[in-house]
There are 2 protein chains.
Amino acid sequence: MTDLAIPGLMDRRRALLGPNMSTFYDDPVHVVRGEGVWLWDAEGRKYLDCYNNVPHVGHCNPRVVQAICAQAAALNTHTRYLHAGILDYVERLTATFDDPLNTAILTCTGSEANDIALRMAEAMTGKRGIIATDATYHGNTTLVSHLSKSNVPAVGFGLGQYLRHVQAPDSYRIPDPDGQHFAAGVQAAIDDLERSGIGFAALIVCPLFLNEGFPTQAEGWLRPAAEAARRAGGLLICDEVQSGFGRCGSHFWAHQKQGVIPDVVTMGKPMGNGHPVAGLVTRADIMARFRTSFRYFNTFGGNPVSCAAAAAVLDELQEKDLQANAARIGRLAADRLQALAQKYPVIGDVRQSGMVFGAEFVLDRDSKTPAPAYADRVVNRLRQRGILLSKLGRHKNTLKIRPPMPFSTAHLDLLMTTLDQVLAETPVAP
Amino acid sequence: MTDLAIPGLMDRRRALLGPNMSTFYDDPVHVVRGEGVWLWDAEGRKYLDCYNNVPHVGHCNPRVVQAICAQAAALNTHTRYLHAGILDYVERLTATFDDPLNTAILTCTGSEANDIALRMAEAMTGKRGIIATDATYHGNTTLVSHLSKSNVPAVGFGLGQYLRHVQAPDSYRIPDPDGQHFAAGVQAAIDDLERSGIGFAALIVCPLFLNEGFPTQAEGWLRPAAEAARRAGGLLICDEVQSGFGRCGSHFWAHQKQGVIPDVVTMGKPMGNGHPVAGLVTRADIMARFRTSFRYFNTFGGNPVSCAAAAAVLDELQEKDLQANAARIGRLAADRLQALAQKYPVIGDVRQSGMVFGAEFVLDRDSKTPAPAYADRVVNRLRQRGILLSKLGRHKNTLKIRPPMPFSTAHLDLLMTTLDQVLAETPVAP
């Protein structure tokens, strides 16, 4: 069952797309079909997708596909003409937010949305200093790519001068039950920006700290950091590209779980179930300031097909009650992972927030020494057994399990049974 | 036949999307359906679309719609898995370029592509100075938005310091038959950047100078400016977001008409006929330098549905021979416009390059005083008569006629007959 096409595909990738283009897994997967929580490779092998958050309501969700087809066949144009699609969608979207978050810009990518959010912060404050965590990722434009410490670009028009990184939260190693320690880090970064003359414009965080390893946090944990940002006259930007649209289970947006009302919320990946649509929601005063500072127009942003895809995602989430499913499956997943932690000392910590869950691997529970190579072996062995997931976190040793939202107890059982087998077969020392 | 929904739609736009969101025409069009070169409004009124270049192979082109539907129903995922779609497409795309332009990055928007192209220039040169014309537009990211002089943002993280504008070419007012005058402007900007210590990284131009008013230029006109850029060690970036995919008639890419091989070519709008797909093509050495300086990844970029849409556009262009149609209709259009210029002294100049054509309005042929208000009146009156087009250019007085590529002689006849009537009825003094 070896896919003989793979070496050729890898060679073509290098030649056509350039070097240093990462693929998942030591043995990359050549995908050809998707349905619900399943992917199939070119040899007909079926994989349980426990990783992809973009196909939020399931790969090739029929309702979303039908919405795209119907609208693409009727009209696809831009927002310099009047069309009800974008208005109907933004009305529904902003209704999921607390007041006063009631205006939106639609873009094509989360990167574009974050790029605008940072300019909104500059427009509102007249300052340029941005604070992010030291284990985050917020996108790929010249400005936004500087926010990723793991990827501070060698070049980038000198914008790195405006960024300050704070230590990412880590509930397993850095006790911070009420978020005061994190807030103190934010305050120190604010002080540094003010001292340097750059000034403080915004704190940008994923409210689940998903790339950081989704630390365990009580509701309202982000409040002290948000208050520090506001006290200093800056904006709080919540990047909900990964955490939004019901994934955290308890709330539709993860910032609601965190007990804060951000100034700007950005979103993307799951918004159109893979159709390139993204955007941001903000207050009317921030929107007005931005729109009078820039003549922003995005040719594809908010086009009728994108809005139809995004509206179908909302329909599907509501009709299937997928947010409640995320809460329920997430709790069951945490229980199953805790049971595995009883059996396998390599599991140092179990973390879960709705339909995001994972286990942190350590060489030793006392020292909590991260075991990223072990995580790699587990991820690759799971892939060989038809289970797709990944790893992430401050120490790159945490399983990242973040399946499409229609993930069921049967799917969870298959995942956990296979994980149990893989852990049993994988020695901690290679 | 008044669309009573329009005031409500305008109010909802302001409330949901913010102020200062431009719409076309004094009396905005509420579109609901498109087919080929036609758009319909909510009252059932039909409009001849002489403006939109995004629906390149026609609104709701059945082949493109079918390709999107089929692929969206089969699989839509990202490039960290292997999939032949992006490789097959990039192979076909790069085959339309001259050597050594044989590698590509796919993005979602032309803005993202230009944002990368400028970073490639910085990565290759170690410098940051960018030169663009003073009447251009290259997109909406923080970095790229600074290139538009008409829209230099009040805020934008200080990136304006790296930009220098050169006077846009203007074949009607600034004699420059061989491009030497423009090249001298580029050289002066290079010298200024070098003197200031910023250094010169790239010259970025649309090879048709479309926003500038698509001046009449002999083949090879851009060569002297390109040579100045190369001599100074900088890159030539051709932004073919508007000019590419056969629109210029004589060539598939407008830089080929200009007799230059750029270092980077960016593209977008027509690439997926409205599906959000864009990208750039460059040399292997530039790609390698960029990919080792950045870990660039774009979640939606190059996904299987985007590639299917883009491949269907290439199929449609080839099968219907739409590049040849652009050349033929363009020539006929220029003849018809010249005939109108005989009748109406307000037409100071006629310009055309393939399926891009227009007339520049002046108050007086001797002084060549631009008549932008007249152009506005003509554009709005044509809209009332069911003909959609716009205006642009250095003086905002030039009709911008840039229809979908399947525009026929019958469509051209309807456009020109109506334009004749409108010019007859529209006094130069209001």
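The structure displayed is predicted, hence computed values, not measured ones. (Residues numbered from 1 in each chain as written. Chains lettered and ligands numbered in written order. Predicted model: local features only at pLDDT ≥ 70, side-chain atom pairs only at ≥ 80, totals over all residues. Heavy atoms only, no water.)

Student: Hey, could you run me through the overall build of chain A in this one?
Tutor: Counting its regular elements, chain A contains 13 helices and 15 strands. A globule of 430 residues ought to have a C-alpha radius of gyration of about 22 Å, and chain A, at 21 Å, matches this closely. Across its three principal axes, chain A shows a C-alpha extent of roughly 60 × 55 × 45 Å. Counting contacts in chain A only where the partners sit at least 6 residues apart, residues at least 24 apart contribute 73% of the total. Working note: accessible area of chain A is about 13900 Å², and carbon and sulfur atoms make up 51% of it. (Helix = DSSP H or I, 4+ residues; strand = E, 2+ residues; numbered from the N terminus. Rg over C-alpha atoms; globule rule 2.2 N^0.38 Å. Contact = heavy atoms within 4.5 Å. Areas by Shrake-Rupley, 256 points an atom, 1.4 Å probe, with all protein chains shown as cover.)

Student: When you look at unusual backbone geometry in this model, what are you seeing that I'm missing?
Tutor: Glycine aside, negative phi is the norm for most residues, and most peptide bonds take the trans geometry. Cis geometry is adopted by the peptide bond preceding P100(A), which originates at D99(A) and carries an omega value of 0°. Within the secondary structure layout, P100(A) lies in the loop between α3 (84-95) and β4 (103-107). In this model, N273(B) sits at a positive phi of 60°, which is unusual for a non-glycine residue. Relative to the assigned elements, N273(B) resides in the loop between β9 (264-267) and β10 (278-283). The class for N273(B) is buried, based on a relative accessible area of 9%. (Buried < 20%, exposed > 50% of the residue type's maximum accessible area, 1.4 Å probe, protein only.)

Student: How should I be thinking about the packing of helix α2 (residues 62-74) of chain A against helix α10 (residues 304-319) of chain A in this particular structure?
Tutor: Residue and element names in this part refer to chain A. Between α2 and α10, whose axes approach to 8 Å, the crossing angle comes to 155°. Between α2 and α10, the angle falls in the class roughly antiparallel. In this structure, α2 crosses over α10, and the sense of that crossing is right-handed. Note on element contacts: α10 touches α2 through P304, V305, A308, A309, A312, V313, D315, E316 and E319, opposite R63, V64, A67, I68, Q71 and A72. Grouping the amino acids of the contact of α2 with α10 by side-chain chemistry returns 10 nonpolar, one polar and four charged. (Axes fitted to C-alpha atoms, helices over the stretch in contact; angles between N-to-C directions. Parallel < 35°, antiparallel > 145°, perpendicular 65-115°, else oblique. Left-handed = near helix turned anticlockwise from the far one by under 90°. Nonpolar A, V, L, I, M, F, W, Y, C, P; charged D, E, K, R; others polar.)

Student: Explain the sheet that holds strand β1 (residues 31-35) of chain A here, please?
Tutor: Hydrogen bonds between backbone atoms are what pair the strands of a sheet, whose relative direction is either parallel or antiparallel. Residue and element names in this part refer to chain A. Across the sheet, which stays open at both edges, the four strands sit in the order β1-β2-β3-β13 with mixed pairing between neighbours. With partners counted over all chains shown, the strands left at the sheet margins are β1 and β13 (387-388), one partner each. Where strand β3 (residues 46-49) lies against β13, two bridges are found, and the strand directions are parallel. Bridge pairing links D49 to L388 in β13. (Pairing = 2+ DSSP bridges.)

Student: Help me understand the domain arrangement of chain A in this model?
Tutor: One frequently used descriptor of interface size is the decrease in accessible area upon assembly of the parts. All names here are of chain A. In terms of domain boundaries, chain A breaks down into domain 1 (6-26 + 37-44 + 322-425) and domain 2 (62-319). Centre-to-centre separation of domain 1 and domain 2, based on C-alpha positions: 26 Å. With 32 residues of domain 1 at the contact, the number on the domain 2 side is 29 residues. The contact between domain 1 and domain 2 buries some 2300 Å² in all, and 52% of this surface belongs to carbon and sulfur atoms. (Domains from an automatic or database assignment. Buried area = accessible area lost by both parts, 1.4 Å probe.)

Student: Is there a simple way to think about helix α1 (residues 6-17) of chain B in this case?
Tutor: Structurally, the α-helix is built with 3.6 residues per turn, so residues lying three or four positions apart point the same way. Between its first and last C-alpha atoms α1(B) spans 16 Å; for 12 residues at 1.5 Å apiece the expected length is 16 Å, and the two agree. Buried within α1(B) are the following residues: I6(B), L9(B), R13(B), L16(B) and L17(B). Summarising the axial view, the buried residues of α1(B) lie within an arc of 100°, below the 170-degree limit, and thus occupy one face. Among the structural elements, α3, β4 and α9 (284-293) of chain A are those in contact with the buried residues of α1(B). Positive backbone phi, at 95°, marks G18(B), one or two positions downstream of α1(B). (Expected span 1.5 Å × (residues − 1). Arc of directions from axis to C-beta.)

Student: In this structure, what is going on with the pattern of salt bridges? I would like to understand it.
Tutor: Opposite charge on two side chains permits them to pair, given that their charged atoms come into close proximity. Residues and elements named next belong to chain B. All told, the structure shown has 50 salt bridges over all chains when counted by the stated rule. Measuring nitrogen to oxygen at the nearest pair gives 3.4 Å for the salt bridge that ties R33 to E35. Among the residues examined, R33 registers a relative accessible area of 35% and is labelled partly exposed. The closest approach of N and O atoms between E425 and R385, which form a salt bridge, is 2.5 Å. A residue pair is termed long-range when its members are at least 10 positions apart, and E425 in helix α13 (residues 409-425) and R385 in the loop between α12 (372-384) and β13 (387-388) qualify at 40 residues. (Salt bridge = Lys/Arg side-chain N within 4 Å of Asp/Glu carboxyl O.)

Student: Looking at this model, I keep getting lost on the sheet that holds strand β6 (residues 163-166) of chain A. Mind explaining?
Tutor: Residue and element names in this part refer to chain A. The strand order across the open sheet formed by seven strands is β4-β10-β9-β8-β7-β5-β6, and the pairing between neighbours is mixed. For this open sheet the edge positions go to β4 and β6, each flanked by a neighbour on one side alone. For this sheet the average axis-to-axis angle between neighbouring strands, irrespective of direction, equals 20°. In this sheet, strand β9 (residues 264-267) lies alongside strand β8 (residues 235-239) in parallel orientation, the contact comprising three bridges. Bridge assignment links C238 to a residue of β9, and that residue is V265.

Student: What exactly am I supposed to notice about the pairing of strand β4 (residues 101-107) of chain B here?
Tutor: Note on strand geometry: in a regular strand, side chains alternate between the two faces of the sheet. Residues and elements named next belong to chain B. Of all seven residues that make up β4, six are buried, and the element is covered over most of its length. Sheet topology places β4 next to β10; six bridges connect them, and they run antiparallel. When the bridges of β10 are listed, L101 appears paired with R283.

Student: Would you explain the interface of chain A and chain B in this entry?
Tutor: Contacts between chain A and chain B engage 102 residues on the former and 102 residues on the latter. Broken down residue by residue, the surface that chain A buries against chain B is led by Y81(A), L82(A) and F157(A), which jointly contribute 11%. Viewed at the interface, chain B and chain A are joined by four salt bridges. Linking R12(A) and E91(B) is a salt bridge whose minimum nitrogen-to-oxygen distance equals 2.9 Å. One can count 44 residue pairs in polar contact (both at pLDDT 80 or more) joining chain A with chain B. Broken down by element, the side of chain A that touches chain B gets its largest block of residues, eight residues, from helix α1 (residues 6-17) of chain A. Grouping the amino acids of the side of chain A that touches chain B by side-chain chemistry returns 53 nonpolar, 35 polar and 14 charged. (Polar contact = N/O pair within 3.5 Å; in protein donor to acceptor, adjacent residues only side chain to side chain.)

Student: Would you explain α3(A) in this entry?
Tutor: Across its 12 residues, α3(A) extends 17 Å between first and last C-alpha, which sits within 8% of the 16 Å expected from 1.5 Å per residue. Lining the buried residues of α3(A) we find β4, β9, β10 (278-282) and α10 of chain A together with α1 of chain B.

Student: Please explain the nonpolar core as it appears in this structure.
Tutor: Nonpolar side chains in soluble globular proteins generally cluster together in the buried interior. In this structure, L415(A) and L415(B) are the most contacted members of the largest nonpolar core, which totals 175 residues. Ranked by size, the runner-up nonpolar core spans 102 residues in total, among them I130(A), I204(A), I131(B) and L203(B). (Core = buried A, V, L, I, M, F, W, Y, C linked by side-chain atoms within 4.5 Å.)

Student: Teacher, can you tell me more about the packing of aromatic side chains here?
Tutor: Two aromatic rings are characterised by how far apart their centres lie and by the angle between their planes. According to the stated counting rule, one finds 28 aromatic pairs over all chains in the structure shown. For the pair F182(B) and F209(B), a centre-to-centre distance of 5.4 Å together with 80° between the ring planes defines the contact as edge-to-face. Taken together, the positions of F182(B) in helix α6 (residues 180-196) and F209(B) in the loop between β7 (200-205) and α7 (223-231) put the pair 27 residues apart, joining distant regions of the chain. Taken together through their ring pairs, the aromatic side chains of F24(A), Y25(A), Y51(A) and Y81(B) make up a single cluster. We note K46(A) situated over the ring of W38(A); from NZ or CZ to the ring centre the distance is 4.3 Å. For R80(A), the ring lying beneath its charged end belongs to F297(A), and the centroid distance is 3.8 Å. (Phe/Tyr/Trp six-rings, centres within 6.5 Å; stacked < 30°, edge-to-face > 60°. Lys NZ or Arg CZ within 6 Å of the ring centre and 35° of its normal.)

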